[in-house]
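So you can see what is in the structure, the chains are spelled out below.
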Amino acid sequence: MTSLALPPELSAADGERRRRLRVMRTVATSLLLFAAVVFVLTRDGEGWIGYVHAASEAAMVGAIADWFAVTALFKRPLGLPIPHTALVPRKKEQLGASLQEFVSENFLRPEVVRDRVTQADVSVRLGRWLADEAHARRLVDEGSDVAADVLAAIDPADVEAVLTDMIIPRVLEEPLSPAIGELLAEVVREKAHHGLVDLVLYELGGWMDRHPDRLTALVTERAPSWSPEWANRLVADRLVREARSWVDDIRIDPQSSARQALDQWLAEVAEDLQHDPETAAAAERLKQRLLTQPKTLATAVRLWDTLRLAVLSALRDRDGLLRRRFQQEVRHFAHRLQHDAALRERVDRVARDASGAIVERYGAEIATVISATVDRWDGRDTARRIELLVGRDLQFIRINGTVVGGLVGVLIHAATTLL
């Protein structure tokens, strides 16, 4: 018996296909042999035996013809160089190209993919999957591990090279004054800087409360030498109290003159950066001095590396705050997907449009995987793989040919007898 051992490149599923193929091939061949035996045993028979003989003869013809047709698809029957045989090994490039064209035209079409994604209810399935705490944790764990591996692989020397060779030269060449001016003008219009001003005033007031002696000493050190000590201290205390009160007034009153003066000054700076050549030139000179300082590059690299290490440590801490926060956000997103119809519609629309756009742009390239894979196979390997997939069904053709041939033989013999 032929060994059923699999070549190393075939999977267990291919092994099962091969077993089933051999079973059906044995059945088809057995029918042919049975017809041949019957043909020999009934060779000189008459009457009803003649009908059996005719049926066995036609069955052999049908079985052999269908065996030839099936075999010719994958190899040369009996090894003979008969034209138009071994079609799959000889035509595998055309087969791969045709299969690629078929898949591309009928499956990798934007409208087909969009319709399938719409029917898949991506948002509903995603919400249910993420709602499971184990799934949310797995997603965060795997995402954090990937992000940590990416960050760990970044060498500070590579960051320095990117800054030196690409970013800094580009920034030096590009005039930034108009862009900075537009940004500053937008900040002033939206009053986005008021929060920063409040923070500075709050911290300044706290520092003054904690260090009143330093302020007093600073004032008394500047006093004239002929002024009495008690007078200097009295004046210094008064100035410190007034300064502290002034900081509180500015912080409490959004319409204070100092705030308005600062807003006016910032607006003028933004305008000058955009339209005043002298201000723009001064800003560009400042940019050049800052970016050409060696310490600027070193400081930027150190800041990046410090931030990288901090984020890396947080990502690798499996029970750390960062991962717990990510898990909370994932579960919150899952809850919204389950209860927010508008969000589900947006997610489905994004999935539908993204998949359609990918197929529309890269569908042809994706389909080339088929022809490229088939081209890499040799002819016999291609024939073997296809035969494993469809060969069992082709053996039914041999069986049907045997049975149908026998029936036709009976009909022909009956017609001959009657005539």
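Residues numbered from 1 in each chain as written. Predicted model: local features only at pLDDT ≥ 70, side-chain atom pairs only at ≥ 80, totals over all residues. Heavy atoms only, no water.

1. Some words on the overall build of the protein chain
Summing up its helical and strand segments, the protein chain has 18 helices and 0 strands in all. The C-alpha atoms of the protein chain give 43 Å as radius of gyration, which overshoots the globular expectation for 419 residues (22 Å, by more than 25%). A principal-axis box enclosing the C-alpha atoms of the protein chain has dimensions of 150 × 45 × 40 Å. The buried share among the 419 residues of the protein chain stands at 28%. Counting contacts in the protein chain only where the partners sit at least 6 residues apart, residues at least 24 apart contribute 71% of the total. Accessible area for the protein chain stands at about 27900 Å²; split by element, carbon and sulfur atoms hold 62% of it. (Helix = DSSP H or I, 4+ residues; strand = E, 2+ residues; numbered from the N terminus. Rg over C-alpha atoms; globule rule 2.2 N^0.38 Å. Buried < 20%, exposed > 50% of the residue type's maximum accessible area, 1.4 Å probe, protein only. Contact = heavy atoms within 4.5 Å. Areas by Shrake-Rupley, 256 points an atom, 1.4 Å probe, with all protein chains shown as cover.)

2. Remarks on the nonpolar core
One finds Val197, Leu201, Met208, Leu215, Val240, Val247 and Ile250 forming the largest nonpolar core, which totals 7 residues. Once you skip the residues sitting within four places of it in the chain, valine 247 turns out to touch Leu201, Leu204, Gly205 and Met208. (Core = buried A, V, L, I, M, F, W, Y, C linked by side-chain atoms within 4.5 Å.)

3. Comments concerning the domain arrangement of the protein chain
Quite often, the size of an interface is put as the accessible area lost when its parts meet. For the protein chain, the domain assignment lists domain 1 (13-85 + 377-418) and domain 2 (177-292). Centre-to-centre, using C-alpha coordinates, domain 1 lies 99 Å away from domain 2. (Domains from an automatic or database assignment.)

4. A look at helix H13 (residues 257-275)
Along an α-helix, a turn takes 3.6 residues, which lines up residues three or four apart on a common side. The end-to-end C-alpha separation of H13 is 27 Å, in line with the 27 Å expected for 19 residues at 1.5 Å each. The set of residues buried in H13 consists of Arg259, Asp263, Leu266, Ala270 and Leu273. The arc that holds every buried residue of H13, seen down its axis, measures 90°, which confines them to one face. Turned more than 90 degrees off the buried face of H13, the exposed positions are Ser257, Trp265 and His275. (Expected span 1.5 Å × (residues − 1). Arc of directions from axis to C-beta.)

5. Describing helix H7 (residues 133-153)
A rise of 1.5 Å per residue sets the reference length of H7, with its 21 residues, at 30 Å; its end C-alpha atoms lie 30 Å apart and thus fit the reference within 8%. Of all the residues in H7, the buried ones are Ala136, Val140, Asp141, Ser144, Ala148 and Leu151. Projected onto a plane normal to the axis of H7, the buried residues spread over an arc of 125° and lie on a single side. Exposed side of H7, more than 90 degrees from the buried face: Ala134, Val146 and Ala153 are the residues found there. Buried positions along H7 lie against helix H6 (122-131), helix H15 (294-316) and helix H16 (321-339).

6. Remarks on the UniProt feature "transmembrane region" (unreviewed entry) in the protein chain
Per the UniProt record, the feature "transmembrane region" (unreviewed entry) sits at residues 23-42 and 48-74. The span residues 23-42 is 95% helical and 0% strand by assignment, and the distance between its end C-alpha atoms comes to 28 Å. Between the end C-alpha atoms of residues 48-74 the distance is 40 Å, and the span holds 100% helix and 0% strand. (UniProt positions renumbered as here; feature names shortened; annotations may be inferred.)

7. So, the packing of helix H1 (residues 12-41) against helix H2 (residues 48-74)
The interhelical angle for the contact between H1 and H2, taken along N-to-C directions, is 145°, at an axis separation of 8 Å. In terms of crossing hand, the pair formed by H1 and H2 is left-handed. For the pair formed by H1 and H2, the contact residues are Leu32, Ala35, Ala36, Val38 and Phe39 on the first element and Val52, His53, Ser56, Glu57, Ala59, Met60, Ala63 and Ile64 on the second. Of the residues assigned to the contact of H1 with H2, the class counts are 10 nonpolar, 2 polar and 1 charged. (Axes fitted to C-alpha atoms, helices over the stretch in contact; angles between N-to-C directions. Left-handed = near helix turned anticlockwise from the far one by under 90°. Nonpolar A, V, L, I, M, F, W, Y, C, P; charged D, E, K, R; others polar.)

8. A look at the packing of helix H11 (residues 212-221) against helix H12 (residues 229-252)
Put simply, H11 and H12 touch, their axes get as near as 9 Å, and they point 130° apart. For the element pair H11 / H12, the angle class is oblique. With respect to the hand of their crossing, H11 and H12 are arranged in right-handed fashion. In this structure, H11 uses Leu215, Thr216, Val219 and Thr220 to contact H12, whose residues at the interface are Asn232, Arg233, Ala236, Asp237, Leu239 and Val240. (Parallel < 35°, antiparallel > 145°, perpendicular 65-115°, else oblique.)

9. Side note on unusual backbone geometry
Even without a glycine there, the phi angle at aspartate 121 is positive, about 50°. A positive phi angle, near 55°, is found at lysine 191, a position not held by glycine. You can see lysine 191 is positioned in the loop between helix H9 (177-189) and helix H10 (194-210).

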